[in-house]
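So the chains spell out like this:
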Amino acid sequence: MLFKLKMLFVCAGSIIYLVSFIVCATFDDVTNLEQRFKNISPHIRPRLNQTDFVEIAVLMTLESIKDYDEVSGTLTVVATYVLYWHDELRNWNKSDYGNLLIMRTPITETWIPKILIRNMVSKRSVFLFDNDVDTRTTFVRYNSSGQAKFMVESLHECSCSAEVMYFPFDSHACAIELLTIEHSNEIRFRPLLKEIYMAYTRSNIEWSIKSDLVESELSEYYSLVKFNIILSRKPRFLFLNLVVPVVFLSFVNLLVFCLPVASGERASMAFTVLLTFVVFISMVTNILPASNAISLFNVFLQIELFCSILITFCAVWSISHYHKFYEKDTSGAMARILIKGSRLYRKRCKIKQNQTGASKEKRTTEDENQNTQQVDAYVNENSFDELTSNELQYSLYFFDEVCFKTFTFVFVLQLITYSIIVLCGN
């Protein structure tokens, strides 16, 4: 019984070996088919009727985004392009060549389409091989029915204009425009998928990558496939290192009016904050492109710089008048307006305090007119030559309070406006 089983296994193995020898393609089969392909000129389009066009299906696999420079508008991409077409000249009967299914042919010995990238920065060709070895070892794969498959990997720099209005929460719409300059009655491109194949795309530390629709364009002189990519900035780094310091610095700028004039530090603090804003504007200028599209954050910085200049001016003015008031010098139109305004403000505050006990229903028009007359009389009753030191000091306090409240309101208003615009834009 054991002997019969052994003989059965030997017979089965022999049959499998003979069958595999019969159905497998030999070296001679591959050589004969290769020689047949060499007899076909690589310059002739793969059509029996040369008036027919070759339709090429294009698939783009995005490997990675190496870099995106907003200043120069350059997108560096590593991508693999897979091209499919039907070759009517390079097909064979499988039974004549040992059931050979796939045949590889070097690109130098067969027909391939000429592919360009229309928005390439420097070299426009997709075929950027490093050396002759890469060229010789790049093949076109054919099956027995004549279906051709060609893969080429390329690193190229494409032009992509930056949209920096919502910086650092900006998004950029870029495209890779694959083009053939052959007439459309000879070669036509069509996208194989409606979007870029991104299953193997490596993430980028600065940008999040999203595939948009793939578009095709056909004219009399060319055929084009446009692969659209949306790059969205990851804003955490710039937000923490650029936006947050500017906002905090704007708050610090308001504290200039909280410093006593006698301390002697008011002017130095105002100038320091002003120079810091200039440094931040220089940083943003190096990041953003010099284009007509202005960033909202840049506008925010310019307004803050202008406010810082006004705060510095007010700080210097208050120091100057502090020393003038110390010497009882009230000459000058600005000094007289300040003193008159402080008197009016102080008198109104006293009148409001006196009226807090009365209800609003009992107040008449005559009372209001009487209060107004009292205020006007108080403002005009004292001569500027009879001012006391306390009143002069109060005038400076009044000036500081007005400046602090005014600039605080302006800062909060523009911060809220900037935030709303950015949130609505995104």
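Cut-offs and rules
- Residues numbered from 1 in each chain as written.
- Predicted model: local features only at pLDDT ≥ 70, side-chain atom pairs only at ≥ 80, totals over all residues.
- Heavy atoms only, no water.
- UniProt positions renumbered as here; feature names shortened; annotations may be inferred.
- Helix = DSSP H or I, 4+ residues; strand = E, 2+ residues; numbered from the N terminus.
- Buried < 20%, exposed > 50% of the residue type's maximum accessible area, 1.4 Å probe, protein only.
- Contact = heavy atoms within 4.5 Å.
- Areas by Shrake-Rupley, 256 points an atom, 1.4 Å probe, with all protein chains shown as cover.
- Pairing = 2+ DSSP bridges.
- Axes fitted to C-alpha atoms, helices over the stretch in contact; angles between N-to-C directions.
- Disulfide = S-S within 2.5 Å.
- Expected span 1.5 Å × (residues − 1).
- Bend = angle between axes of the 7 residues up to and from the residue.
- Core = buried A, V, L, I, M, F, W, Y, C linked by side-chain atoms within 4.5 Å.
- Domains from an automatic or database assignment.
- Polar contact = N/O pair within 3.5 Å; in protein donor to acceptor, adjacent residues only side chain to side chain.

- Identification of the protein as chrnn from Mytilus coruscus is taken from an unreviewed UniProt entry.
- Recorded in UniProt for the protein, the comment headed Subcellular location (unreviewed entry) runs: "Membrane".

1. Topic: the overall build of the protein
Turning to step 1, where the next piece is worked out: Looking only at helices and strands, one finds 9 helices and 10 strands in the protein.
Turning to step 2, where the next piece is worked out: Within the protein, buried positions represent 38% of all 426 residues.
Turning to step 3, where the next piece is worked out: Sequence-distant contacts, at least 24 apart, represent 76% of the contacts inside the protein between residues at least 6 apart.
Turning to step 4, where the next piece is worked out: Of the accessible surface of the protein, which amounts to about 24,700 Å², a share of 60% is contributed by carbon and sulfur atoms.

2. Quick look at the sheet that holds strand β1 (residues 54-69)
Turning to step 1, where the next piece is worked out: In space, the 6 strands of this open sheet follow the order β3-β5-β6-β2-β1-β8, with mixed pairing throughout. Looking at strand neighbours, the two that pair on one side only are β3 (102-106) and β8 (187-191), the edges of this open sheet. Across the sheet, the axes of successive neighbouring strands diverge by a mean angle of 30°, strand direction being ignored.
Turning to step 2, where the next piece is worked out: Alignment of strand β2 (residues 74-86) against strand β6 (residues 147-159), held across 13 bridges, turns out to be antiparallel. Note that in β6 the partner of Tyr 84 across the bridge is Lys 149.

3. Observations concerning the state of the cysteines
Turning to step 1, where the next piece is worked out: Applying the stated criterion across every chain yields a total of 1 disulfide.
Turning to step 2, where the next piece is worked out: Sulfur-sulfur distance for the disulfide between Cys 160 and Cys 174 comes to 1.9 Å. Its S-S torsion of about -75° marks the bond between Cys 160 and Cys 174 as left-handed, since a negative value means left-handed. Highlighted residues: Cys 160 in the loop between β6 and β7 (171-180) and Cys 174 in strand β7, separated in sequence by 14 residues.
Turning to step 3, where the next piece is worked out: Here Cys 314 is not cross-linked by a disulfide; its sulfur's nearest cysteine counterpart is in Cys 403, at 4.1 Å.

4. Digging into the UniProt feature "transmembrane region" (unreviewed entry) in the protein
Turning to step 1, where the next piece is worked out: This chain's UniProt record puts "transmembrane region" (unreviewed entry) on residues 237-262, 269-288, 294-319 and 402-423.
Turning to step 2, where the next piece is worked out: Measuring from the first to the last C-alpha atom of residues 294-319 gives 37 Å, for a span that is 92% helix and 0% strand.
Turning to step 3, where the next piece is worked out: Counted over residues 402-423, helix gives 100% and strand 0%. Its end C-alpha atoms are 32 Å apart.

5. Structural notes on helix α4 (residues 236-254)
Turning to step 1, where the next piece is worked out: If you check α4, its first and last C-alpha atoms are 27 Å apart, about what 19 residues at 1.5 Å a residue would give, namely 27 Å.
Turning to step 2, where the next piece is worked out: By the largest-angle criterion, Val 244 marks the main kink of α4, which is about 25°, and a proline, Pro 245, follows within four residues.

6. Concerning the nonpolar core
Turning to step 1, where the next piece is worked out: In this structure, Ile 56, Met 60, Tyr 81, Trp 85, Ile 176, Phe 227 and Phe 297 are the most contacted members of the largest nonpolar core, which totals 68 residues.
Turning to step 2, where the next piece is worked out: A per-element tally of this core places β1 first, with 7 residues.
Turning to step 3, where the next piece is worked out: Composition of this core by domain shows at least three residues from each of domain 1 (20-233) and domain 2 (237-341 + 384-425).
Turning to step 4, where the next piece is worked out: Discounting residues that sit within four places of it in the chain, Phe 297 has contacts with Phe 167, Leu 242, Val 243, Val 246, Val 284 and Tyr 418.

7. Observations regarding the side chain of Ser 211
Turning to step 1, where the next piece is worked out: The residue Ser 211 is located in strand β9 (residues 207-218) in this model.
Turning to step 2, where the next piece is worked out: On the basis of relative accessible area, Ser 211 is assigned to the buried category, the value being 15%.
Turning to step 3, where the next piece is worked out: In terms of polar contacts, Ser 211 uses its side chain to reach the backbone amide nitrogen of Ile 196, at 3.0 Å.
Turning to step 4, where the next piece is worked out: Apart from residues no more than four positions distant in its own chain, Ser 211 is found in contact with Glu 195, Ile 196, Met 198 and Asn 228.

8. Side note on unusual backbone geometry
Turning to step 1, where the next piece is worked out: A cis amide bond, omega 5°, links Phe 167 with the succeeding residue Pro 168.
Turning to step 2, where the next piece is worked out: In this fold, Pro 168 is placed in the loop between β6 and β7.
Turning to step 3, where the next piece is worked out: Non-glycine residue Asn 99 carries a positive phi angle of around 55°.
Turning to step 4, where the next piece is worked out: You can see Asn 99 is positioned in the loop between β2 and β3.
Turning to step 5, where the next piece is worked out: Judged by its relative accessible area of 39%, Asn 99 is partly exposed.

9. Quick notes on the environment of Phe 271
Turning to step 1, where the next piece is worked out: Locating Phe 271 in the fold gives a position in helix α5 (residues 266-287).
Turning to step 2, where the next piece is worked out: Given the relative accessible area of 41%, Phe 271 is considered partly exposed.
Turning to step 3, where the next piece is worked out: Along the backbone, Phe 271 and Asn 253 are 18 residues apart, and their C-alpha atoms lie at a distance of 9.8 Å.
Turning to step 4, where the next piece is worked out: Those residues within four positions of Phe 271 in sequence are excluded, and the remaining contacts are Thr 312 and Val 316.

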